[in-house]
Structure formats: C-alpha cells, structure tokens
Amino acid sequence: MTNTNKAIHTHIPGFPRIGAARELKFALERHWRGEQDEAALEATGRELRARHWALQRDAGLDFVTVGDFAFYDQVANHIQLLGCEPARYGFSAEQSQLSRYFTMARGRSGDAHEAGCGCGQAHGETGLQAAAALEMTKWFDTNYHYLVPEFTPDTAFSLACERLFDEVAEAQALGHAVKAVLVGPLSFLWLGKARGAEGFDRLSLLDKLLPVYSQVLDRLKAQGVQWVQIDEPILGLDLPSAWRSAFENTYWQLNQVGVPLLLATYFSPLEENLSLACRLPVAGLHVDGVRAPHELTSIADWLPVHKVLSVGIVDGRNIWRTDLDAALAVLAPIMDKRAGKLWLSSSCSLLHTPFTLAAETTFDSEIRSWLAFATEKLDELYVLKRALQGDAGANLDAGTTEALAVSRAAIASRRASPRVHQQAVRERLQAMPADADQRRSGFTQRQAEQRARFKLPSFPTTTIGSFPQTQAIRSARAGFKRGELSAADYETKMREEIAYAVQQQESLGLDVLVHGEAERNDMVEYFGEQLDGFVFTQLGWVQSYGSRCVKPPIIFGDVSRPKAMTVDWTVHAQSLTGKPMKGMLTGPITILQWSFVRDDQPRAVTALQIALAIRDEVADLEQAGIGIIQIDEPAVREGLPLRRSRWDEYLNWATQAFRVSASAVADGTQIHTHMCYAEFNDILPQIAAMDADVITIETSRSDMELLNGFGQFRYPNEIGPGVYDIHSPRVPAQAEMVRLLQKASAVIPPANLWVNPDCGLKTRGWPETETALRNMVAAAKQLRAIY
Ligand code: GLN
Ligand code: ZN
C-alpha cells in the first residue's frame, strides 16, 4: 500500500538529444552535405523528441521535458527564440530560420568549429577566424560547448521563433504532461559576451529582455503547460553583486505571468546565494543534490513549505548506478520537512551522460551492473519515488522491493570487488615519499645539464606530437579492429608510418623530433586501453558540440600499468635518427578530465594513481635512452571548480599529480608539457609550479597576447609559444612567424624560447604541414641570426 498523502513527482532537467544511435548527428551531417533538406531534418528531430518523451513517460516521470531539444545547441535556440541574432550576420528575410541557425553555429564560408585540433575539445576564440561563427565555449565545467550570444548596447529582443511552442504542442498532441524548460534571463545574459562598445555591461539589457521572457511565459501558459523550468545555473557561481541583486526583481516580474516556475540550479553549491534562491518569488526550486548534498538540509529548512523542492539526487554528470539506500536516507528527513511533498530528479540535464546501457554488448555483467546511463537513470527515479511513497519498508510493492534489492547487490559488489580495489596500488600511494613530486635539482641546474647534453641551437624547433592521421592510417586501424589486418601487419604498417614521419622531420631540419602518434586513435583512449582500471563503451557517446560527440572512457577501479605502453614505438623512432626523439604521453589530469571518473574516492586519489602509472612510463622511456619526454596536459584549466574558493585545493592536487608523473627522472632528462588555448593568467603560479622544463602553449590565434602574462609573471622555465595555427588549413608565411617570435622575444628571454606549432598536426594534411614546418624552421633560423 502506498501512502498517497505523499506527493512525490519525478522529472528530469533535460535528456540527451543526439539519439541512441546518434541519429541526430548523422541527420545533421547529411543536411550539411546537402543530401537532406530541412524538412527531412525536422522529421528526424520530431521522431527523436517523440521517442525521448515516450521513454520519460514509460519510466513513470510525471512530466516530459520540452525545450531541451536543439539541432545544435540549446543556447543558440534561445538566441532565435528571443530574437537576438547578431546584426553582423546581415540575415535576409528570405533565409529560413534553420539556415540562419546553422550559419550562426558554423560560420558562413566553411566550418570553423569542425577543424578542431583533434583533441575532441572545442577552442575558445573561433570568432577570430574568417568563418565568423559564434564563439563557442564550455557549458560551465562540462565538456559540452554552447554558442555564445553576442550583445551590444543596441541589441533588441523580440519573440521571434515558434519552435518551442511547436514542440510543446507536439508533446501535448502525443498526450504528455509537459514541463517546458528555458535558460533563465540572467544566465542567458551572463553566458553571452559584450561586443563593440567599451565598458558596455550586458546586464543593462535586462530591462529590454524581461518583457520578451514574459511573452514567452504567457504563450506557454496559454498552451496549458503544467510547469516551466527556468534554469539559472549561474546561482552556483561567484556573482558580482549587481547580478545577484537583479534576481529578485527579475523573478518578481516573471512570476506575474502566473505559470508555475521551477527555478533550476545545478553543477555547483549555492553558498551565499542559497537564501536568495530560496526567497525568490517562484513556485519551486530545483537543486543539485549530488554536487551540493551538504546544502540540502538548509534548503529544506529555508524554502517556504508551499513551494516545491526538486532534489537532483541521481547524478546527471556521471555513469554510476545510484546507491538507492543512501539516496533514500538523504531524502527521508527532507520529506518530513517538506510535509510529504517532494520532487525527485537527476542533478542536471542528462545531456552529459550516454543514452543507454542496453546498447552495450561488451561489458561483463559485473561492471555493467554498476552503471546507469540516461535511460537507466529514469528508472532509478521511479524506484526512489515508489520507495519513498511506501516508506521504504513493509508497504513496498514487489517490483520496487526487487529493484531495490538488485541495486543493493550491485552497490555491494562494486564496493567489494577486487577489480576495483587493488591493494598494491593503494599501498604504493600510501608509501609514496613526500618528495616524489620533486625533481632532483632546481630548474637552473637541470637547464645547464640539459643544454650540455642536447646542444640544441637557440630557438630550437619541435612539434607537439601528432602528424597527419591520413586515410591510410585510419583504414589500417579500422581493418585491424575488424580483424581484417593481423596484429603483426598493423604493427608493420604503423612502424612504416613512424619512419615516414621521422624522415620528413629530418629533411625539414627540425631539432627535436616526435614519432607522430600514428598508432594512437585518441590521446586518452590510447592510454586508457592499456591501463588497468579502465573500461570502454561501444556507444557511450556524449554530445560535445553540434554534431560532435565524445566517448569518454570509464575509470572504474584503481589504476595501474601492467606493462610499458609507448616504449617500443618510441625506441623504434629514436633508432631512425640521430636527433633527440621526444617521448609522448598524456598527463594524469587530462586522462582524468576526459573520462567518467569513479565517485567512490576523491578525484585527487584517482589522479595520483594515474600519475604513478605515467611516472613508470616516463622512467621506462628514460631507461630506454629517451632523453626528452612530453606529458600533455591540455585539460588542466578546464578542471577548475566553478567556485574560486575551491581553486587552490584543486590546483594543489592537480599540479602535484603532474609533478609525480614527471619527477622520477634525472636532471639531464628534459620534461615538456603542452597545453592548448586557455586563459592562463590567473593560474600562472600553478603552471610554473608544475615545473616542466619546457611548456608549449597555443598562442598564434591570440597574436602572442597570451604570452604577456608569462612575461609579466617572469615565468622561469622554457616556453614554446605556438606560431602556427593548426586549426586552419592556411599555411603561415615565414615572415609572419618571425614577427610572432619577435613579439615573443620582447616578453620572454630569447634563450628560453622554443619554436613550435600551436598543437598537434593530426587533423592536417601532409602537403600543408610540410610547407608550414619548412617556413617555421626558416623562421627559427632567421631569429637565431637576430638574437
Ligand atoms: N600530443 C598531442 C597531439 O599532438 C597533443 C594534443 C592536444 O594537446 N590536444 O596530438
Ligand atoms: Zn594542444
């Protein structure tokens, strides 16, 4: 018998839209290639929405979520909904809404965002490129990238797109109870960027924006939606006081419309915004109970009882099965405080998790039992609801009792599994000496030794690691994976590719060579596949941006390295040249950041375990005679917590993990690291604390501006500021690179400068690569003559 006095509702802030088999991705790409018209694309969108709503209803959710679908990005949908397409596109009235949408997303003459460096990540300043797509940037601390709205003092708003209302009608016609979702006005303004006028404050647009939001809400109300979820995730950020104080009036105005508003926050604790969020004149509040469980009690106390509290108790950011008993223990006292009224939800949109476990056929049943992807999370919500209604005790129906038992068994198996807990790894970490993260001597001493050893010219030239992943390489790998190419033949093929890359570099006259990464599919997957403690999904795709998806590895257990991972390839490459061959590894923070990470121990511990595995690889490379080793860490900055008060803690363990991976070597072994485009200025002391002998960074697109911070900070070690933008097929001229290097020499002591491209060359073709590198080597020679 269930207790019907308990009004428990379930819902989710959003659902993955890409489709179980990435149907949306393929439909988009067909459309962009001109093989499929808008009507066909719209039909795919409709089918996917109908399917995803049906899943939500069939899982027993009380509402389906409408408005989370987007052909490219949900923020871009709002740009059209709110009528603020940037004037710089000069759109004409004849152009269809959808084609304007894709123009903003992808630029007019080509495809800026698709030409990534191959790291699966998007990069910030695409606005500098000719294609003039909207800039793209990370959605809070996720790996999802949204399109950045552009605001000027003249930006006007109007209700300009029917799509949201059409989708609501679509869901209603299918018989669903609808909760519509919007990005809230303050988050929308915050996430945009001011263009044009100096000192223009985008918050000043709020008064123009609010009437349009009211109109949107009016329309939704007229359609009879039950609720409108209005997302204000910026409540979890350190907000300037003007932004904080704008909330009350904003929600006072929007609440006038009279449609029930569920204000949603996620990703980060509310902290000083907690009482504000509880006080706002809205009908309900959704909070992230996974990222901020410690705030739940105060929220349950502070939020007036007539308001709905939605607790995001199921992790929307990770792939682990929820510990339902633990969740129930958290929820029961909150239920009491809320007079038996509670909503249950995932912590945030399920956009950040793969679609379903059902498609996976290669996991063994044990590991599979530990996981829950988006569709499985829907079922968890239903079980939680039934369990709470039945008081988790004698009143439970058989299905719920069974589901709880299955969940309990899975949690117990994960907790006890020897595959997760490896004594040797734990002991090694415990016994790690305090100075394991310190090189033997300071940089000055190391530099002197390395200079004597390698005798490199000034302005030494190198590359970041990968050379073009040609069709031949890709099809060899595909053939090998399908079993059509034997392991021996595959290895021979890769050795030939490595030899080719080495020979090219020799004839170009580069000083420090690389093997070219032909054998690597992806810089994280390659290592994950060889380390213990990782598993891979077949179809665990998560949207990164537009049609781009990534398939992150899952770190399920203690990490260790059964055997050397890169030594054979590197030694082979070194045997082909008298020049130093740079070993090439991915660093612990990047491996961590681009994976689904276990939630049963602190991330710092997992990072250190990976660091020790990489440390062993570094030691083996050194032992095998490799004198220069690069440990890539492009993801250090993106791991920063959303709250500044938590930066230090993260940066401490992150930089320690890097140093642990790098510090086993002798002074004469040179450690490089590499980072892609990122604002470094606010974390320069920590980047310096990584103590790499050489750091290469992406700077060409900022015209070396990024280097100024390093100069002002007097960054002590050597630096290779990128002089060749590898995101574009354009070949930079020698003079252009000379100019960049002269700019660099004005801020960094020339003796500490290296000459290299911005990032790896895997997405480029050989002919352009050759010309660009020839120009780069010539530029370095010219610099040597000047300084
Ligand atoms: N070594 C890697 C490469 O060259 C680095 C990639 C990256 O920084 N994203 O491809
Ligand atoms: Zn890079």
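As the structure is a prediction and not an experimental result, all values here were calculated from the model.

The rules behind these values
Residues numbered from 1 in each chain as written. Chains lettered and ligands numbered in written order. Predicted model: local features only at pLDDT ≥ 70, side-chain atom pairs only at ≥ 80, totals over all residues. Helix = DSSP H or I, 4+ residues; strand = E, 2+ residues; numbered from the N terminus. Expected span 1.5 Å × (residues − 1). Buried ≥ 20, exposed ≤ 12 C-beta atoms within 10 Å, placed from the backbone. Arc of directions from axis to C-beta. Contact = placed C-beta atoms within 7 Å. Domains from an automatic or database assignment. Nonpolar A, V, L, I, M, F, W, Y, C, P; charged D, E, K, R; others polar. Core = buried A, V, L, I, M, F, W, Y, C linked by C-beta atoms within 7 Å. Pairing = 2+ DSSP bridges. Axes fitted to C-alpha atoms, helices over the stretch in contact; angles between N-to-C directions. UniProt positions renumbered as here; feature names shortened; annotations may be inferred.

S.K.: How do you make sense of helix H26 (residues 734-747) when you look at a structure like this?
M.R.: Since the α-helix turns once every 3.6 residues, residues separated by three or four places project in the same direction. Over its 14 residues, H26 extends 21 Å from the first C-alpha to the last, a length consistent with the 20 Å expected when each residue adds 1.5 Å. All of the buried residues in H26 are Met737, Leu740, Leu741 and Ala744. End-on view of H26: buried residues confined to an arc of 95°, all on one side of the axis. In H26, the exposed positions that point more than 90 degrees away from the buried face belong to Ala735 and Ala746. Structurally, H26 contributes buried residues whose contacts are with helix H25 (705-712), strand E21 (718-721) and helix H27 (766-786).

S.K.: What should I look at first to understand the domain arrangement of the chain in this one?
M.R.: Much of the literature gives interface size as the accessible area that the parts lose upon coming together. With domains assigned, the chain is organised as domain 1 (8-17 + 59-82 + 141-416) and domain 2 (448-470 + 509-524 + 565-786). Domain 1 and domain 2 are separated by 39 Å when their C-alpha centres are compared. Counting residues at the interface gives nine residues for domain 1 and five residues for domain 2. Split into classes, the residues belonging to the side of domain 1 that touches domain 2 amount to four nonpolar, three polar and two charged.

S.K.: In this structure, what is going on with the nonpolar core? I would like to understand it.
M.R.: A general trend in soluble globular proteins is that nonpolar side chains are found buried together. In this structure, Ala180, Val228 and Met776 are the most contacted members of the largest nonpolar core, which totals 220 residues. Looking at this core, the element that brings in the most residues is helix H22 (residues 603-623), giving nine residues. Of the domains in this structure, domain 1 (8-17 + 59-82 + 141-416) and domain 2 (448-470 + 509-524 + 565-786) are the two that each give at least three residues to this core. Discounting residues that sit within four places of it in the chain, Ala180 has contacts with Val66, Gly67, Leu164, Val168, Leu220, Val225 and Val228.

S.K.: How should the sheet that holds strand E17 (residues 582-586) be read in this particular structure?
M.R.: Strand pairing in a sheet relies on backbone hydrogen bonds, with the paired strands running either antiparallel or parallel. Taken together, five strands build an open sheet; the order of strands is E17-E18-E19-E20-E21 and the sheet is parallel. This sheet does not close on itself; its edge strands, each paired only once, are E17 and E21. Strand after strand, the sheet turns through a mean of 20° between neighbouring axes, direction not considered. Two strands pair when backbone bridges link them, and strand E20 (residues 694-697) and E21 are joined in this way by four bridges, in the parallel orientation. Within E21, the position partnered with Ile695 by the bridge is Ile719.

S.K.: Can you help me understand the UniProt feature "binding site: Zn(2+)" (unreviewed entry) in the chain in this one?
M.R.: Taking the numbering used here, the UniProt-annotated feature "binding site: Zn(2+)" (unreviewed entry) corresponds to His674, Cys676, Glu698 and Cys759. A maximum C-alpha distance of 8.6 Å is found for the annotated residues, which run over 86 residues; spatially they form one tight group. Tracing the backbone shows His674 in strand E19 (residues 670-675). Exposure remark for His674: the 27 C-beta atoms within 10 Å place this residue in the buried category. Beyond its immediate sequence surroundings of up to four residues, His674 is in contact with Ile464, Gln630, Asp632, Pro634 and Thr696. Among the structural elements, Cys676 can be located in the loop between E19 and helix H24 (684-689).

S.K.: When you look at unusual backbone geometry in this model, what are you seeing that I'm missing?
M.R.: Backbone phi values are negative for most residues with the exception of glycine, while trans is the configuration of most peptide bonds. The phi torsion at Glu271 lies on the positive side, around 45°, for a residue other than glycine. Its place among the elements puts Glu271 in the loop between strand E9 (261-264) and helix H9 (274-279). With a phi close to 45°, Lys455 is a non-glycine residue in the positive phi region. One can find Lys455 in the loop between helix H16 (443-454) and helix H17 (471-481).

S.K.: How should the environment of Ile299 be read in this particular structure?
M.R.: As for its placement among the helices and strands, Ile299 is situated in helix H10 (residues 296-302). As for Ile299 and Val311, which are separated by twelve residues in sequence, their C-alpha atoms are 10.0 Å apart. Not counting the four nearest positions on each side in its chain, Ile299 is found in contact with Leu274, Cys278, Val287 and Leu309.

S.K.: Teacher, can you tell me more about H25 here?
M.R.: All buried positions along H25 are accounted for by Leu706, Leu707 and Phe710. Seen from one end, H25 has its buried residues packed into an arc of 95°, which puts them on one side. Exposed and facing more than 90 degrees away from the buried side of H25 are Glu705 and Gln712. On its buried face, H25 sits against H24, E20, E21 and H26. Two residues or fewer past H25, Arg714 is found with a positive phi of approximately 55°.

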